[in-house]
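# Residue-level structural notes
One letter stands for each residue in the lines below.
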Amino acid sequence: MGKQYHRDMAAPHNTPALSERNVAEYISGFVDGEGCFSVSFSKRPRFLVGWETKPSFSVSQNHDRAQPLFIMQKHFGCGFMRDGISDRTLKYEVRRLDDLLEKVLPHFERYPLLSAKQQDVRLLKEVCLLMKMNEHVTPEGMKKVMTLAFQMNPSGKRRYAQNDILAFMDSQMKI
């Protein structure tokens, strides 16, 4: 993984004092344009279903314009910064299931996005709740998770097609 960043490394922002701003609304607006709610899958033959399920909330920005990312990290009190290797950006990301369920997703329920991306928020929450109940480690639950995940970010690129995941999962079943 790339270089990790800490809050202290953030460049000073050039806006009025944050206490004078509605930071929560600002974050939702920023994320509406620049954020991503997604679920990815990685092959893990040692897992019962053969796949690891990875829910994620992320926002990328050029390094010289990264102040909003540090504001988000402070606001949510979780997540990490990393270099976006493919696009030479800085990326703020939250992957921990409890942080998504307890901090990030409730924010976007209270301060909803105005675009169709709010549907991805709803779908990510459904996936995270299924994962919290360990549904993703059973074939039936994994199929539910995949159905939801593949509705998100329809224009995005995926490493594996849904049929490939299902085929590999069937070949890996240890029952």
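To be clear, the structure that these remarks concern was listed above.
All of the points below concern the structure found in this document. (Residues numbered from 1 in each chain as written. Predicted model: local features only at pLDDT ≥ 70, side-chain atom pairs only at ≥ 80, totals over all residues. Heavy atoms only, no water.)

## Here we look at the pattern of salt bridges
A complete count under the given rule lists ten salt bridges for this structure. The salt bridge partner of Lys132 is Asp98, with a shortest N-O separation of 2.5 Å. Here Lys132 is found in helix α4 (residues 118-132), whereas its partner Asp98 is found in helix α3 (residues 97-110), with 34 residues between them in sequence. Several salt bridges share partner residues, and in doing so they unite Arg96, Asp98, Asp99, Lys103 and Lys132 into one network. (Salt bridge = Lys/Arg side-chain N within 4 Å of Asp/Glu carboxyl O. Helix = DSSP H or I, 4+ residues; strand = E, 2+ residues; numbered from the N terminus.)

## What to know about the pairing of strand β3 (residues 51-61)
In terms of burial, β3 is largely enclosed, as nine of its eleven residues are buried. Bridge analysis of strand β2 (residues 35-43) against β3 gives nine bridges, and the strand direction is antiparallel. Within the sheet, the bridge partner assigned to Gly35 lies in β3 and is Val59. Taken together, the five bridges between β3 and strand β5 (residues 89-94) define a ladder with antiparallel strand orientation. Note that in β5 the partner of Ser60 across the bridge is Lys91. (Buried < 20%, exposed > 50% of the residue type's maximum accessible area, 1.4 Å probe, protein only. Pairing = 2+ DSSP bridges.)

## Digging into the environment of Gln118
Mapped onto the elements, Gln118 comes out in helix α4. For Gln118 and Phe108, which are ten residues apart along the polypeptide, the C-alpha to C-alpha distance reads 7.9 Å. Contacts of Gln118, omitting those with residues within four sequence positions, involve Phe108, Pro112 and Leu113. Reaching out from Gln118, the side chain makes a polar contact with the backbone oxygen of Phe108 at a distance of 3.1 Å. (Contact = heavy atoms within 4.5 Å. Polar contact = N/O pair within 3.5 Å; in protein donor to acceptor, adjacent residues only side chain to side chain.)

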